[in-house]
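Overview (structure and organization)
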Amino acid sequence: MTTHLDHTYQFSSLKTLFAKANEEKSGDRLAGVAAESVQERIAAKTVLSELLLKDIRENPLLSPEEDEVSRIIDSQINEPVYQKVQHWSVAELREYILSSETTGEDLKRISRGLNSEMIAATAKLMSNLDLVHAADKLEVVTKCNIEIGQKGTLASRLQPNHPTDNIDGMMASLKEGLSYGIGDAVIGINPVEESVESVKRLLHGTKDFMEEWEIPTQNCVLAHVTAQMKAIEQGAPADMIFQSIAGTETANRSFGIDAAILGEANDLAKSKGTGTGPQHLYFETGQGSELSAEAHHGIDQMTLEARNYGFAKDYDPFIVNTVVGFIGPEYLYNTKQVIRAGLEDHFMGKMHLIPMGVDICYTNHMKADQNDMEDLGVLLSTSGVNFIIATPMGDDCMLNYQSMSYHDVATLRETFGKRPSPSFEKWLELMGIMKSGRLTSQAGNPLLFTR
């Protein structure tokens, strides 16, 4: 309870307090959990700032007894580290994270004693610039076939989707993307048809091309995890296994997954996948998915997104990305909400020590445009985002949404002095596409990939 301008605000539960302290999100309003006014939001932030970290752990928003995601997140806490910070307030944790004296290594150490809700609570007290500054401190390096995530690099997922899964059409887009230096994080295809045969065909198509041109990257087809597992068992060459995940057990079950299935997928990727590892999984998330599944349990969408990263962390993934504007205006109404969510997600993922990327995107019925996506691309580049997703001309012809283009990623690298991942950059130089960290006159020429 707190008083502002002679008005007393009282919050009935921790779940209510978390939701009302959130920045404005249309999804929270749709769920009926949002603050009713700016004044109520400020009051909630004030009360939240005074909570101790132990209060958050001891009063879970979703009980571990009824939710496996909660159990997994709590089991990850390093007890000696937690004991040192449990009496900190959320405000004190925020100040520690933002302090000029606190390094990235300090943040990695302290993150081991935090749970997802503590990280979400801290992000609710941060400005956009706070989120940029804090995330930029953290370097999270992972390796499947190659390493990505090094300071000073900006990797990218090449997304050569095709509306009929046509191999020739997919390859045309793939060649163009590579010619702009795109694809070091993964060559990742969203299939129209999720049959095992279709997954096998796309995996063989990308892997054959990677081997022919000796491209140091990873391939993946973003079908349901079970279809990918069957394809791998039948000999398909998959470097990673992909799955969309959520922040509650009931939402994950609506996706047709649970913790056990993901564990099996991880084991299979390690034993029969073509990635060298040690990381073999790829997860995708996005604020609002739990509400879409009617499985949010009255928890705000930002906090649920943080729980995604706690869940993902248990499997030591190679990459994770939030698809920040894909679901639509029901959950993120306009560009202001999309930009805020993108910065929140990136910071929260990095605080979980997740190799965090972002699909900077929007649907065509959202109040946003390409300039807004470029703005978020600039902010995330300065935040040290691990990778960005890129599509031809920023227009995905299969999923029918707008993202970043191959040109956009190349421009962000050049503007901010970012480099591709080291192994990939060496290959680009051998191909004559890049020299001394800059694209050459050969860039953008897919005819490079003709014999």
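Data block above holds the structure.
For the bond from G277 to P278, the omega torsion is 20 degrees, close enough to zero to count as cis. Residue position: P278 is located in the loop between α15 (259-272) and β9 (281-285). Backbone geometry places E294, a non-glycine residue, at a positive phi of 55 degrees. Turning to its location among the elements, E294 is positioned in the loop between α16 (289-292) and α17 (301-313). On the basis of relative accessibility, which here comes to 75%, the residue E294 falls in the exposed class. In this structure, H297 is a non-glycine residue whose phi angle is positive, near 55 degrees. Tracing the chain through its elements places H297 in the loop between α16 and α17.

For the pair helix α9 (residues 116-124) and helix α18 (residues 335-351), interaxial distance at closest approach is 10 Å and the crossing angle is 140 degrees. As summarised for this structure, α9 and α18 are arranged oblique, according to the angle between their axes. As α9 runs across α18, the sense of the crossing is right-handed. Between α9, through I119, A120, A123 and K124, and α18, the contact on the second element is made entirely by R340, F347, M348 and M351. In terms of residue class, the contact of α9 with α18 is made up of 6 nonpolar, no polar and 2 charged.

So, on to the layout of surface pockets. Quantified by volume, the largest pocket comes out at close to 520 Å³. Lining of the largest pocket is provided by 26 residues; of these, N190, F242, S244, E284 and F326 occupy positions nearest its centre. Sorting the residues of the lining of the largest pocket by element identifies β8 (241-244), β9 and α16 as the ones contributing at least two each. Broken down by element, the residue count for the lining of the largest pocket peaks at 3 residues, all from β8. When its residues are assigned to classes, the lining of the largest pocket shows 13 nonpolar, 9 polar and 4 charged. Taken together, E23, E24, N128, K336, Q337, I339 and R340 make up the lining of the second largest pocket. For the lining of the second largest pocket, the element with the most residues is α18, which contributes 4 residues. Per-class residue counts for the lining of the second largest pocket are 1 nonpolar, 2 polar and 4 charged.

A few words on empty space enclosed by the protein. Summed over the entire model, instances satisfying the criterion amount to 3 cavities of 30 Å³ or more. Taken as a whole, the largest cavity holds about 80 Å³ of empty space. In terms of lining, the largest cavity is formed by 15 residues, of which the most central are G149, Q150, K151, G152 and G384. In the lining of the largest cavity, the residues fall into 4 nonpolar, 6 polar and 5 charged. The space that makes up the second largest cavity amounts to roughly 60 Å³. Around the second largest cavity sit I73, Q76, I77, S111, R112, L114, N115, S116, I119, K313, M351 and H352, which together line it. Grouping the constituent residues of the lining of the second largest cavity by class yields 5 nonpolar, 5 polar and 2 charged.

Attention shifts here to the nonpolar core. In this structure, L178, Y282, F347, M348 and F449 are the most contacted members of the largest nonpolar core, which totals 135 residues. With 7 residues, α18 is the largest single contributor of residues to this core. Setting aside residues up to four positions removed in sequence, F449 forms contacts with K175, L178, S179, F209, W213, W427, M431 and I433.

The interhelical angle for the contact between helix α10 (residues 128-136) and α18, taken along N-to-C directions, is 30 degrees, at an axis separation of 9 Å. Here α10 is positioned roughly parallel relative to α18, judged by the angle of their axes. Considering the relative orientation of α10 and α18, their crossing is left-handed. On α18, the residues touching N128, L131, V132, A134 and A135 of α10 are I339, R340, L343, E344, H346, F347 and K350. Partitioned by chemical class, the residues of the contact of α10 with α18 number 7 nonpolar, 2 polar and 3 charged.

Take the pattern of salt bridges next. Pairing between side chains of opposite charge can happen when the charged atoms of each approach one another. On inspection of all chains with the given rule, the structure shows 25 salt bridges. Its salt-bridge partner being E284, residue R157 comes within 3.4 Å of it at the nearest N-O pair. In this pair, R157 is assigned in strand β5 (residues 155-158) and E284 in strand β9, connecting sequence segments 127 residues apart. Residue classification places R157 among the buried positions, given a relative accessible area of 0%.

What counts and what doesn't
- Residues numbered from 1 in each chain as written.
- Predicted model: local features only at pLDDT ≥ 70, side-chain atom pairs only at ≥ 80, totals over all residues.
- Heavy atoms only, no water.
- Helix = DSSP H or I, 4+ residues; strand = E, 2+ residues; numbered from the N terminus.
- Buried < 20%, exposed > 50% of the residue type's maximum accessible area, 1.4 Å probe, protein only.
- Axes fitted to C-alpha atoms, helices over the stretch in contact; angles between N-to-C directions.
- Parallel < 35°, antiparallel > 145°, perpendicular 65-115°, else oblique.
- Left-handed = near helix turned anticlockwise from the far one by under 90°.
- Contact = heavy atoms within 4.5 Å.
- Nonpolar A, V, L, I, M, F, W, Y, C, P; charged D, E, K, R; others polar.
- 1 Å grid on protein atoms, 1.4 Å probe; cavity = no way out; pocket = protein on both sides within 12 Å on 5 of 7 lines; lining within 4 Å.
- Points joined across faces, edges and corners; volume = space filled by probe spheres on them.
- Core = buried A, V, L, I, M, F, W, Y, C linked by side-chain atoms within 4.5 Å.
- Salt bridge = Lys/Arg side-chain N within 4 Å of Asp/Glu carboxyl O.

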